[in-house]
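Okay, here's what each chain looks like letter by letter:
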Amino acid sequence: MSLIIQEIEKAQMKKEIPQFNVGDTVKVYSKIVEGGKERLHGFEGIVIKRQGGGSRETFTARKIFQGVGVERTFVLHSPRLEKIEVLRSGKVRRAKLYYLRERIGSQATKVEEGV
Amino acid sequence: MMDNLLGKKIGMTQIFDESGNMVPVTVIEAGPCVVTQLKTKETDGYNAIQVGFGQNKKLNKPMKGHLKESQARYLREFRNENTGGIQVGQEIKVEIFSPGDMLVISGITIGKGFAGNIKRHHHARGPMSHGSKSHRITGSIGAGTTPGRVFKGLSMPGRMGAVRASVKSIKVVRVDAEKNLLLVKGTVPGKKGNLVSIKRTQVAKLVAFDKQTEKKAEKKADKKAEAKA
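Residues numbered from 1 in each chain as written. Chains lettered and ligands numbered in written order. Predicted model: local features only at pLDDT ≥ 70, side-chain atom pairs only at ≥ 80, totals over all residues. Heavy atoms only, no water.

**Side note on the sheet that holds strand 2 (residues 37-51) of chain A**
All names here are of chain A. Taken in spatial order, the five strands line up as 4-3-2-1-5 in an open sheet, and their pairing is antiparallel. Edge positions in the sheet fall to strand 4 (68-75) and strand 5 (81-88), since each has one partner strand and no second. Averaged over all neighbouring strand pairs, the angle between strand axes comes to 40 degrees, with direction disregarded. Two strands pair when backbone bridges link them, and strand 2 and strand 3 (residues 58-65) are joined in this way by five bridges, in the antiparallel orientation. The residue bridging Arg-50 from the neighbouring strand is Phe-59, located in strand 3. (Pairing = 2+ DSSP bridges. Helix = DSSP H or I, 4+ residues; strand = E, 2+ residues; numbered from the N terminus. Axes fitted to C-alpha atoms, helices over the stretch in contact; angles between N-to-C directions.)

**Some thoughts on helix 1 (residues 3-12) of chain A**
Taken together, the buried positions of helix 1 of chain A are A:Ile5, A:Ile8, A:Glu9 and A:Gln12. Each buried residue of helix 1 of chain A sits inside an arc of 95 degrees when the element is viewed along its axis, so together they form one side. Helix 1 of chain A presents A:Leu3, A:Lys10 and A:Ala11 as exposed residues on the side facing more than 90 degrees away from its buried surface. Contacts made by the buried residues of helix 1 of chain A are with strand 1 (4-16), strand 2 (22-30), strand 10 (164-176) and strand 11 (181-185) of chain B. (Buried < 20%, exposed > 50% of the residue type's maximum accessible area, 1.4 Å probe, protein only. Arc of directions from axis to C-beta. Contact = heavy atoms within 4.5 Å.)

**Focus: the sheet that holds strand 4 (residues 48-53) of chain B**
Residue and element names in this part refer to chain B. Within the open sheet, the four strands sit side by side as 5-4-3-6. Their pairing is antiparallel. Among the strands making up the open sheet, the edge pair consists of strand 5 (74-79) and strand 6 (91-92). Of the strand pairs in this sheet, strand 3 (residues 33-39) and strand 6 are connected by two bridges, and their pairing is antiparallel. Each residue of the ladder has a partner; that of Val-34, found in strand 6, is Glu-91.

Following this line, the structure appears as structure tokens:
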């Protein structure tokens, strides 16, 4: 990648981002505009993937809401992302936890606790 | 008024706008350019400016004579009706554009070599199995004895790409005057490092057109109201 583009991307990146990996349970607070007002919306789930590099990096969190699997992808360096709380760290052997999608019941949210 | 610039395509990335949305942008190193010649209706039959971009270390004597002090590597001509106030030797920088401007950007597209009909003309491919052998072939190119020839302009395999193409109505997202960078929304023809020519579009004309149509619509509405009354 050219230096110029690297510089542009660097300027977009946030300086302080908590360290978290695939398998960790996180709570993500994002700003949403509702009826002309801005408020924080929390989304708690297991990180099932992180992809992309530089300012384009995204991660996907998955949770079971009312018996239905819900996944949401966030742009890591987005200014709309207020903060990320790492609630639990998990020990996993995969970079992408797509196998959780096929799991039913309590297995679906079970990731071995680690470190 | 300065409406034209030459630049080098650097590549693509994504940036966040004011509301936090991600915008795909192409980064162009635009300018600084030099006006190398002014063409006028009296001498050349039309109004245009010739713009130079880049550095050329090895210039032959005729080129030196034409360029005077500048050492431009690429020269391109732009039709420009209002050349008033523009002088030969004048420098053009990215500042002539500001975020929100609409541009037309032209360049040489990526060459694909000798390409088949599927890639070149978006034909559908044949079945890949069940005894079929017509996987990616051209297919029929016409009937038999009548008309007894192949019609002109029929889509056939051949050289694809590496031709000049333009993208119209491309929006300026950011201008970096210090680094001579122009960030525009969306894609621009060509590979990284390609020369692109940038032109401001005549948005003003479009606005005027919109106003005309608006007025017409208003008149219609008025007439309807009158008819009802």
